[in-house]
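Descriptive analysis of the structure
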Amino acid sequence: MADTSALELDRLRRAFGGVVAVDDVSIDVKRGEFVTLLGPSGSGKTSTLRLIGGFEKPDAGAIRINGGRVDHLPAYQRDTATIFQTGALFPHKTVAENVAYGLRMRGVARADIAPRVRQALDIVRLAGFEERYPAQMSGGQKQRVALARSMVVRPAILLFDEPLSALDLSLRLQLRAEIKRLHDEIGFSAIYVTHDQGEAMAMSSRVAVMRSGRIEQIDRPEKVFGEPASEFVYTFIGESCCLKTQMASGAAADADGATIDLRLANGLADGDWRLYVRPSRLQIDRADLDNRLKARLDFTEFLGDVHRYHFKAGRIELFVDHQGAIAHRPGDLVDIGWRSADMVAYR
Amino acid sequence: MSGASETAALDSPAPRRTFWSAALMPWLLMSPALLIAIAFFGLPILFMGRMSFNAHIDQRFYVPDFTWDNYAAMLTDPTFRNAIWTTARLALISSIATVIIGYAFAMLVWLKPKRWRLAFVALALCPLLISEISIIFGWWMFFPKNGLLSYALVSSGLITDKISLMYTEFAAFVGLTYVTLPFCFFILLSIFDGIDKKVLEASADLGAAPLRTFHEVLLPLTKGGIAAAFAQSFIWAVGTYATPSALGPDTLWTIGYLIQEQMLGKHNWPRAAAFSIVLTVGVAIVMMIIRMLSSKRTALNG
Ligand SMILES: Nc1ncnc2c1ncn2[C@@H]1O[C@H](COP(=O)(O)OP(=O)(O)OP(=O)(O)O)[C@@H](O)[C@H]1O
Ligand SMILES: [Mg+2]
């Protein structure tokens, strides 16, 4: 049984009234895997997690934890532990009591609870905070208590529902690294919900991109980024410029039909196209590359590491991330080039 | 923690502000509330205390004097001792019932989706919009032999002969509970509203069955509210006179009844004042006990 999955979702479905929040979702989380559900607001990430945790009942489909069906079990009989967005610590209990709670409910012997609580607090670097109340802790500390409280019961699967989204950026990055470290050290299985693609890319074994209740693609982060399965995945992950063009017998025009100076290495069939390139892959003054577009420089933004140059070609707007200054001023006509491998086209 | 309080202590006292103005500040800020409290609560009690030492001679309302007679009379008067017992029992039972019903009702409203809320709150407000006297008239149509209750019980087949519950201690108890329930409900609802519902899910998530969650999480978090709701129901039930005497049996002599009898029937103001003082002190003691019991650990201080 060593190869059993920690969690299997089999064609899970849940509708609220007319809204299908979770639509035919199947995921197989192997032991020790860290799977992220990534998607825009309302795509059904939280609903999926709540189905797994037992806070909602599925309309159809099966949930198996360590190989056993659980979808008929109430939340308190499932071997899962959730880290909530707001922490949801018990305000009337100390940090130590909060962490001990799950152990007590699972009937762990009294003598074993104290050392396990201490160990869990050590792991999240909160040793010495045992006697504090949640109200006396900072937001980041509270989330670490929540993490300890869930991890200490060693559930078959940990469920994270945007645990970092209420924190400020630096704390978010720090805790993100910490969760990653804990996963590498302890090897727990987890489903992590987020709408922050950076988080998803940085922490996950696999990323499931969700859209209106369905999984559009589930794969390793590099694959999802490098080989997106659909236009939605491509545009949702990473930044991209969209070139809306009409092709007619080899000549290109913008959405209004005005001719633009666009050369493509591989000709496209006639019709309306959406071409996408990442702003970091667009290059300025490179008429020599396979594909190129003449566009007028509109304005410049300074982003810190790079400058972002905004261009216009007819109705098409695009931006190029480039390190350092360029020799053009707003209004100049500039050659922008990119390699064929860096472009995708959808119609 | 100590670091934070040290820095706070270092930069808080403005050097030019004198000790006196700093010490006076809280009092100044409280003064409007204090004035109102003194004018409307402190002075009347003071007057009442003074009145309780006056004498009652020749059917005059009172004669200025300083005597302990009124208090001494209470110790020997079995009617008064019985009244204390009756009042306490009635207030206790009806307050407990109020808190239990109010708690269940408030929890239900808190747990239900928001769209039900307005209807429930409006429902709870209704009794507050009707005067106590009108409510008593309502009960007069409800409890008697030909009243609604009897009719409902007979027609539902639960009993065969019509019954009257009018002028029973049960009717007094129901009436009192009904009067105190809305306040209790709103106090408890405000306490529930201060709780993050996610803690219930967190508790279930960690393996606690619903009853366990109630006992471990919900009850401790609402303890302060239960105490407050109980206290206010109890004060109300002890003090109110109209409802129990209108619905209860003629022999239901509460302290409230005795006070009105002394005041209006026997025109003995000093005796009525002494009864009132004892009642007030008794309630104050109960309040202090409730506070002591409930202040150990609540959502507010922990
Ligand atoms: N209890 C509910 N009752 C009715 N509709 C619901 C309920 N829960 C979720 N929905 C709907 O289901 C859809 C998916 O919601 P869900 O909370 O799963 O999205 P999400 O991906 O977690 O979004 P977010 O990033 O905003 O948290 C939404 O359209 C939402 O309105
Ligand atoms: Mg969500």
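Since we're looking at a predicted model, the values are computed, not measured.

1. What to know about the pairing of strand β10 (residues 214-219) of chain A
Residue and element names in this part refer to chain A. Pairing geometry for strand β9 (residues 206-211) and β10, over five bridges, is antiparallel. Each bridged residue has a counterpart across the sheet, and for Met 210 the counterpart in β10 is Ile 215. Connecting the antiparallel pair β9 and β10 is a turn made up of two residues, with Ser 212 showing a positive phi of about 35 degrees.

2. Some thoughts on the domain arrangement of chain A
All names here are of chain A. What the domain assignment lists for chain A is domain 1 (2-236) and domain 2 (241-346). Here the C-alpha centre of domain 2 lies 41 Å away from the C-alpha centre of domain 1. Taken residue by residue, the interface counts six residues in domain 1 and seven residues in domain 2. Buried area between domain 1 and domain 2, both sides added, is near 670 Å², and the carbon and sulfur share of it is 50%.

3. Focus on the sheet that holds strand β12 (residues 251-253) of chain A
Residue and element names in this part refer to chain A. Taken in spatial order, the four strands line up as β12-β11-β14-β20 in an open sheet, and their pairing is antiparallel. A strand with exactly one partner marks an edge of an open sheet, and here the two such strands are β12 and β20 (343-346). The sheet shows a mean angle of 35 degrees between the axes of neighbouring strands, taken without regard to direction.

4. Overview of the side chain of Glu 199 of chain A
All names here are of chain A. Within the fold, Glu 199 resides in helix α6 (residues 197-203). Buried charge without a partner: Glu 199 forms no salt bridge, and the closest opposite charge is Arg 172, 4.2 Å away. Within polar-contact distance, the side chain of Glu 199 engages the side chain of Tyr 192 at 2.8 Å. The contact partners of Glu 199, leaving out residues within four places of it in the chain, are Leu 164, Arg 172, Arg 176, Tyr 192 and Thr 194.

5. Topic: the pattern of salt bridges
Residue and element names in this part refer to chain A. Taken as a whole and judged by the stated rule, the model has 35 salt bridges over all chains. Measuring nitrogen to oxygen at the nearest pair gives 3.6 Å for the salt bridge that ties Glu 56 to Arg 50. There is no split in this pair, since Glu 56 and Arg 50 are both buried. Between Arg 69 and Asp 71 there is a salt bridge whose closest N-O contact spans 3.0 Å. With a relative accessible area of 45%, Arg 69 lands in the partly exposed category. With a relative accessible area of 12%, Asp 71 lands in the buried category.

6. Regarding the layout of surface pockets
Residue and element names in this part refer to chain B. There is about 500 Å³ of room inside the second largest pocket. Lining the second largest pocket are 20 residues, with Leu 111, Leu 200, Glu 201, Ala 204 and Thr 213 positioned closest to its centre. Elements with a contribution of two residues or more to the lining of the second largest pocket: α4 (78-111), α9 (198-205) and α10 (210-239). No other element matches the five residues that α10 contributes to the lining of the second largest pocket. Looking at side-chain class alone, the lining of the second largest pocket contains 14 nonpolar, two polar and four charged residues.

7. What about the site of ligand 1?
Residue and element names in this part refer to chain A. With respect to spatial proximity, 13 residues lie near ligand 1, and among them Ser 41, Gly 42, Lys 45, Thr 46 and Ser 47 are the closest. The separation between an oxygen atom of ligand 1 and a polar main-chain atom of Gly 44 is 3.0 Å. Its free accessible area being 630 Å², ligand 1 has 60% of it covered by the protein chains. Of all the elements in the fold, those that place two or more residues in the shell around ligand 1 are β2 (19-30) and α1 (45-53). With three residues, α1 is the single largest residue contributor to the shell around ligand 1. In the shell around ligand 1, the residues fall into four nonpolar, seven polar and two charged.

8. Details of the packing of helix α2 (residues 95-105) of chain A against helix α3 (residues 110-123) of chain A
For any two helices packed against each other, one specifies the inter-axial angle together with the distance between the axes. All names here are of chain A. Their axes nearest at 9 Å, the elements α2 and α3 cross at an angle of 120 degrees. Considered as vectors, α2 and α3 are oriented oblique to each other. Pair α2 / α3 crosses with right-handed handedness. Note on element contacts: α3 touches α2 through Ile 113, Arg 116, Val 117, Ala 120 and Leu 121, opposite Val 95, Ala 96, Val 99, Ala 100, Leu 103 and Arg 104.

Rules used throughout
- Every chain is numbered on its own, with residues counted from 1 as its sequence reads.
- Naming scheme: in the order in which they are written, chains are lettered from A and ligands are numbered from 1.
- Residues qualify for local features only when their pLDDT is at least 70, as the model is predicted, and side-chain atom pairs are given and counted only at 80 or more; totals for whole chains, interfaces and linings, by contrast, use all residues.
- Only heavy atoms go into the side-chain values, all of them from the structure, while hydrogens and water stay out.
- Each pair of strands is called paired provided DSSP finds at least two bridges between the two strands.
- Numbering of helices and strands runs from the N terminus; a helix is a DSSP stretch of H or I covering at least four residues, while a strand is a stretch of E covering at least two.
- What fixes the domain bounds is an automatic or database domain assignment.
- The contact criterion used throughout is that any non-hydrogen atoms of two residues lie within 4.5 Å.
- Buried area is understood as the total, over both parts, of accessible area removed when two parts are fitted together, assessed with a 1.4 Å probe.
- Geometry is summarised by axes, namely lines fitted to C-alpha atoms with helices restricted to the contacting stretch, and by angles between N-to-C directions that run from 0 to 180 degrees.
- Note on classification: 1.4 Å probe, protein chains only; a residue is buried when its accessible area is under 20% of the maximum for its type, exposed when over 50%, partly exposed between these limits.
- We treat Lys and Arg as the positive residues and Asp and Glu as the negative residues; His and chain ends play no part in the count.
- The working definition used for a salt bridge is a side-chain nitrogen of Lys or Arg within 4 Å of a carboxyl oxygen of Asp or Glu.
- Polar contact is the term for a pair of N or O atoms within 3.5 Å; when the atoms are in protein, one must be able to donate a hydrogen and the other to accept it, and sequence-neighboring residues count only if both atoms are side-chain atoms.
- Put simply, the grid is 1 Å and covers the protein atoms alone, a cavity is a trapped set of points that fit a 1.4 Å probe, a pocket is an open set with protein on both sides within 12 Å along at least five of seven lines, and lining residues have an atom within 4 Å of a point.
- Grid points are joined across faces, edges and corners, and a volume is the space filled by probe spheres set on the points.
- Gly falls in the polar group here, along with every residue not listed as nonpolar (Ala, Val, Leu, Ile, Met, Phe, Trp, Tyr, Cys, Pro) or charged (Asp, Glu, Lys, Arg).
- Throughout, the term near means that a residue has one or more heavy atoms lying within 4 Å of the molecule or strand in question.
- The method behind every accessible area is Shrake-Rupley, applied with a 1.4 Å probe, and residues are considered shielded solely by the protein chains displayed.
- To sort the angles, those under 35 degrees are grouped as roughly parallel, those over 145 as roughly antiparallel, those from 65 to 115 as roughly perpendicular, and the leftovers as oblique.
- The sense of a crossing depends on the near helix, which, turned anticlockwise from the far helix by less than a right angle, makes the crossing left-handed and, turned clockwise, makes it right-handed.

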